Amino acid sequence: MTRAALIVASLLLTLPAAAIASTRYDPKLRFQTISTARFDIHYHQGEEAEARRLAEIAEAVAASLDDTLGPASGRVQVILVDQSDLPNGWATPVPFNTIEITAAAPGGDSLLGNTRDWLRLVFTHEYTHIVHLSRGRGWIGGLRRVLGRMPVLYPNLFLPVWQIEGIATYEESQAGHEGRVHNGSFRTILDVAAKTSRFDPIDRASGGLVDWPSGNAPYLYGSYFHDFLAAKYGRESIRQLTDSTSGRLPYLGSLAFRKVFKKPLGELWKEFEAASGREVPAFAPSIVRLTHHGFSVSGPRFGAGGRIYYSLVSPHEFPSLLSIDRNDRTPRKVADRYLGRQIAIARSRLIFDAVEVANHVGLQSDLFVMNDDGTGKARLTHDARAADPDISPDGTTIVCTIQRGDRREIATVRLLPGGAAGAPVALVSEPGANFSSPRWSPDGRSIVAERGSHEIVLIDPIAKRVRPVAGSIAGRTATPEWLPDGRLLFASDREGEGFRLYRTDPDTSETWRLEGTGPDARSPAISPDGQSLVFVGYTANGYDLFLLPLESARWTRANQEVLRGEPPRAIPAPRVTATASAARPYSPWRTIAPRFWTPIVETDADELVAGAATASNDALGRHVYAVQAGWTTGRGRPDWQAAYAYDRWWPTIFANVSDDTDPWRGRELRTREINAGALLPFRRVRWTQSLLGAVHSSTDRLNCAGCGAESAEDITRTSIRGGWRLNASRAFGYSIGLEEGWSGTATTEITRRAFGSDGDGGAATFDVRHYLAVAPRHAVIASRFAAATTWGDASVRRVFSASGNGPQTGGLRFGSDAIGLLRGLTDDEIAGRHAIVANVDYRVPLWRIDRGAGTLPFFARVVHGAVFVDAGHAWDSDFHRADILTSIGAELSLDAVVGYAVPITFTAGAAWVSHDRGFAAFGRIGRSF
């Protein structure tokens with residue numbers, strides 16, 4: 001949640017203005033601000049009540065952490081936003097302390113779901129990041145007084161991800177019995193790993209892991225490791241550790257463990273592993289494992305003919321909806337499905353929820369319908385934020401949830417003649433309550449649902465009454481399901497272990513626990529004949545489907561005292577107190593000032609350049625800018641550049657200006673350049689599209705010292721630029737590059753004397769790519785065709801290269817290197833006014849490593865190879881087919897993660913080039929295309 005912010009802060013110093021535009025928030029959101037003693041809280045319409053409640057939470061949490069980790073360094077900007085249905089948050093201390101919180105709360109079965117108050121949990125986690133990461137002591141503090149909030153002066157930003165996220169996840173769990181440390185199903189992942197000799201070494205938890213538990217690994221191992229340290233050495237040792245790491249050079253924080261705990265980090269980790277691994281329940285012999293996907297399988301539902309439909313999220317493929325027959329057990333893909341939790345079945349029709357990009361920025365859920373063979377897919381709701389559908393027994397009414405700014409309500413949707421659907425109508429809506437997983441009773445007279453994370457309730461759809469039927473003070477209750485006789489199944493982790501399945505009678509509250517369902521069991525589904533139970537169970541590889549014949553089920557009576565339904569804890573109405581100020585319109589000027597400057601020493605075209613740079617943005621990212629200047633000893637005039645983007649509305653408006661001088665063939669080339677324009681992005685889950693319109697002006701002056709003014713030569717080019725890019729290609733966790741789909745890019749540039757140029761002319765480029773998955777798994781045939789041309793007066797015509805070793809990243813490019821990729825030749829070896837290039841690669845994974853070395857900031861993911869054929873040609877006037885050059889060769893690449901978070905591909909290759917150019921070796925950082 002924090003590492004990406006550090007990367008962005010660093011890239012601000014190098015990226016052009018068009019690239020730093022991100023469109024963080026829907027332009028329809030109108031933000032206001034309230035302030036407390038330590039926080040400025042920015043929120044938009046519909047969120048004031050939650051923002052004022054957050055203000056009280058923030059001051060209370062800060063006061064609590066003062067006594068444990070200490071205070072934050074500086075004031076904190078907090079952004080509360082409701083544009084996504086996926087619960088999340090992030091925090092960064094640079095260029096100033098910033099927290100963003102998504103208002104939507106998690107469901108009870110989520111790894112984040114062990115909480116009665118989502119705002120308190122997520123704020124505690126993110127504010128812990130601010131306290132931890134903003135810390136600096138000793139010589140670090142002295143340099144900050146000179147250089148300001150320069151990212152490199154925040155040593156805790158450069159710790160392994162398990163340490164950054166582990167401390168925050170540990171602290172989120174210290175108030176009451178909430179948070180992930182007290183989450184039984186979260187702990188089960190650790191226990192099963194220890195019991196099956198799959199406990200990850202420290203390097204696999206440091207950041208970049210794709211194998212299960214994937215992105216959860218830093219949170220899992222980091223939180224329980226810090227819990228282990230606090231239990232053994234006292235909670236004050238965590239404060240001592242954060243203090244010690246904050247005074248060390250980046251990436252050397254592991255040395256602090258010996259100072260604080262008198263033992264090296266590696267030895268402490270081994271002790272942690274030895275202390276882990278509680279006993280976990282085993283699977284009964286009668287239980288059959290239906291799938292072997294691992295990672296995340298969810299939401300099983302029986303359909304026609306007894307087929308089971310379910311969802312899968314894994315690093316092998318795009319998230320999808322699958323089906324399986326309990327007899328042949330061969331999974332069949334039905335359709336792509338991006339996330340989503342629940343499936344309803346009406347005869348041969350599937351009704352399900354899926355997440356899509358809303359207004360190009362937010363991720364929101366809606367309802368869809370299709371045939372059970374994957375055909376006829378249609379959207380039932382639009383921008384309704386509807387999820388968790390179930391269909392009434394008579395097939396006329398869908399019950400679902402609707403996400404609101406401070407709650408998640410239960411609603412119904414009528415199915416209309418012809419297959420369309422009416423608008424959702426609220427059935428039950430309670431301030432501060434988050435309902436999930438509604439299910440119609442077999443007789444259609446009741447609906448069962450989760451209310452919050454700790455309670456199961458019955459809803460009368462006619463009287464709209466809500467009655468608790470099961471709950472737990474100490475654990476979660478989730479994923480209810482009806483038995484044919486009117487009793488209920490649900491999952492609960494009330495015993496501090498993983499989820500177990502329970503059966504209860506809504507009238508008598510008599511409750512029984514199902515035995516033999518393994519370490520974690522949830523999401524039960526009953527077959528149409530009532531004879532079989534399918535549920536989501538857990539193994540060391542993640543979650544899969546398991547089947548139990550109910551005739552062999554073994555039940556034990558559960559503790560009635562724990563299982564009595566508990567009313568939801570009421571969230572107090574917001575109180576206007578001295579804690580928070582009156583609301584005022586958001587102003588970017590309070591946070592836009594630069595907070596740091598960084599010295600720069602670099603070589604540029606064989607010259608030594610010394611200078612400085614700064615960059616910043618306001619709290620909401622509406623204004624983003626970067627400035628850099630550098631001097632050489634041979635010139636009194638600096639090289640400099642400045643970039644700015646305004647990102648409040650669509651499109652993003654950007655501008656950048658630069659003045660750069662480099663030696664060139666014994667002379668001096670000075671280039672002054674201005675770019676300004678607009679970038680309009682269109683985003684969906686499966687594709688993105690961008691339109692660019694810009695004005696470009698550049699002047700190149702070529703002269704030599706002492707040759708006289710008459711030797712100077714100026715070339716001025718002023719142009720209108722346009723660009724289009726569509727990217728419908730995909731890569732997955734285990735991919736070695738883009739694996740399926742296609743992308744296309746086109747640019748044009750029109751230059752005219754009327755604009756102030758030295759002549760009339762223009763240029764255009766075109767680039768299309770296609771990726772086809774082939775055997776073995778994650779191998780791919782990648783193909784590309786690109787062309788560039790220029791026309792007009794010689795003084796303003798461009799020269800395009802067809803050669804070079806790459807990478808060709810596929811962005812909107814206008815320069816000489818816009819399309820060139822002919823491996824084995826240098827970038828400018830084959831160039832002309834017109835150019836064409838064709839490339840075909842067969843890429844195959846060779847060795848999946850997924851290992852690092854201790855806490856060193858380097859993690860090797862996978863080694864892969866490629867054989868390729870390139871063809872290209874560049875010419876000025878006449879095209880001669882015989883002049884087309886070909887390059888045949890092979891590459892060996894390593895995908896790695898450096899700095900715990902930045903993915904990089906290192907490539908070495910060799911090529912044989914036609915026309916007697918022979919063999920050449922080359923290296924590259926990045927993929928070819």
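Residues numbered from 1 in each chain as written. Predicted model: local features only at pLDDT ≥ 70, side-chain atom pairs only at ≥ 80, totals over all residues. Heavy atoms only, no water.

Q: So what exactly am I meant to see when it comes to helix α9 (residues 236–245) here?
A: The periodicity of an α-helix, 3.6 residues per turn, causes residues three or four places apart in sequence to face the same way. By the burial criterion, the buried members of α9 are S237, I238, L241, T242, S244 and T245. Projected down its long axis, α9 carries its buried residues within an arc of 165 degrees, all on one side. Residues of α9 that are buried in the fold lie against α4 (118–133), α6 (161–172), α8 (217–233) and α10 (256–261). (Buried < 20%, exposed > 50% of the residue type's maximum accessible area, 1.4 Å probe, protein only. Helix = DSSP H or I, 4+ residues; strand = E, 2+ residues; numbered from the N terminus. Arc of directions from axis to C-beta. Contact = heavy atoms within 4.5 Å.)

Q: Where do I start with the pattern of salt bridges in this structure?
A: When charged atoms on two side chains of opposite charge get close, those side chains can pair. Applying the stated criterion across every chain, the model contains 63 salt bridges. The salt bridge involving R326 is made with D529; its shortest N-O contact spans 4.0 Å. With R326 in the loop between β9 (320–324) and β10 (332–336) and D529 in the loop between β27 (521–526) and β28 (532–539), this pair connects stretches of sequence that are 203 residues apart. You can call R326 partly exposed: its relative accessible area is 22%. Across the pair E740 and R730 runs a salt bridge whose closest N-O atoms are separated by 3.0 Å. Of this pair, E740 sits in the loop between β39 (713–727) and β40 (741–751) while R730 sits in the loop between β39 and β40; the two residues are 10 residues apart in sequence, bridging distant segments of the chain. By relative accessible area, which is 17% here, R730 ends up buried. (Salt bridge = Lys/Arg side-chain N within 4 Å of Asp/Glu carboxyl O.)

Q: How do you make sense of the packing of α4 against α6 when you look at a structure like this?
A: If you want to describe how two helices pack, look at the angle between their axes and the distance between the axes. Contact geometry for α4 and α6: axes closest at 8 Å, N-to-C directions at 135 degrees. With respect to each other, α4 and α6 are oriented oblique. Of the two possible hands of crossing, α4 and α6 adopt the one that is right-handed. The residues of α6 that touch α4, namely those facing L121, T124, H125, T128, H129, H132 and L133, are Q163, I164, E165, I167, A168, T169, E171 and E172. Its residues assigned to classes, the contact of α4 with α6 comprises five nonpolar, seven polar and three charged. (Axes fitted to C-alpha atoms, helices over the stretch in contact; angles between N-to-C directions. Parallel < 35°, antiparallel > 145°, perpendicular 65-115°, else oblique. Left-handed = near helix turned anticlockwise from the far one by under 90°. Nonpolar A, V, L, I, M, F, W, Y, C, P; charged D, E, K, R; others polar.)

Q: Sorry, what's going on with the packing of helix α7 (residues 184–195) against α8 here?
A: It is at 10 Å that the axes of α7 and α8 come closest, and there the two elements cross at 90 degrees. On the basis of the axis angle, α7 is roughly perpendicular to α8. Counted together, F186, R187, I189, L190 and A193 of α7 and Y219, L220, Y221, S223 and Y224 of α8 form the full contact between these two elements. Residue classes in the contact of α7 with α8 are distributed as eight nonpolar, one polar and one charged.

Q: So what exactly am I meant to see when it comes to unusual backbone geometry here?
A: The residue after W212, namely P213, is reached through a cis peptide bond having omega 10 degrees. Following the sequence through the fold, P213 ends up in the loop between α7 and α8. Of the consecutive residues G806 and P807, the connecting peptide bond is found in the cis state with omega at 5 degrees. On the secondary structure map, P807 appears in the loop between β43 (800–801) and β44 (831–832). At H360, a position not held by glycine, the phi torsion is positive, near 70 degrees. With respect to the helices, strands and loops of the structure, H360 is situated in the loop between β12 (349–358) and β13 (362–371). Residue classification places H360 among the buried positions, given a relative accessible area of 14%.

Q: Would you explain the nonpolar core in this entry?
A: A general tendency of soluble globular proteins is for nonpolar side chains to be buried together. Formed by 87 residues in total, the largest nonpolar core has its most connected members in F123, Y127, Y221 and F225. The greatest single-element share of this core, amounting to nine residues, is contributed by α8. Look past the residues within four positions of Y221 in its chain and what remains in contact with it is L190, A193, R198, F199, D200, A205, P213, W269 and F272. V780, A818, V837 and V913 belong to the second largest nonpolar core, which has 20 residues in total. (Core = buried A, V, L, I, M, F, W, Y, C linked by side-chain atoms within 4.5 Å.)

Q: Sorry, what's going on with the pairing of strand β45 (residues 834–852) here?
A: Every regular strand shows the same layout, with side chains that alternate between the two sheet faces. In this sheet, β45 lies alongside strand β42 (residues 779–792) in antiparallel orientation, the contact comprising 10 bridges. When the sheet's bridge partners are listed, A782 is paired in β45 with D841. Here β45 runs beside strand β46 (residues 858–875); their pairing, made up of 16 bridges, is antiparallel. Each residue of the ladder has a partner; that of P845, found in β46, is H864. In textbook terms, the turn of a hairpin is the stretch between consecutive antiparallel strands, and for β45 and β46 this stretch comprises five residues, one of which, G854, has a positive phi near 60 degrees. (Pairing = 2+ DSSP bridges.)

Q: What am I meant to see in the sheet that holds strand β29 (residues 542–549) here?
A: The strands that make up a sheet pair up through hydrogen bonds in the backbone, lying either parallel or antiparallel. Strand order across the open sheet formed by four strands is β6-β29-β28-β27, with antiparallel pairing between neighbours. Strand pairing shows two members of the sheet lacking a second neighbour, β6 (288–289) and β27, which therefore form its edges. Judged from the four bridges that link them, β27 and β28 form a sheet pairing that is antiparallel. Across the sheet, residue A521 finds its bridge partner in β28, namely G537.

Q: Where do I start with the sheet that holds strand β19 (residues 435–440) in this structure?
A: Pairing in this open sheet of four strands is antiparallel, and the strands run β19-β20-β21-β22 from one edge to the other. The open sheet has two free edges, formed respectively by β19 and β22 (466–471), since each of these has just one partner strand. Across the sheet, the mean angle separating the axes of adjacent strands is 25 degrees when strand polarity is ignored.

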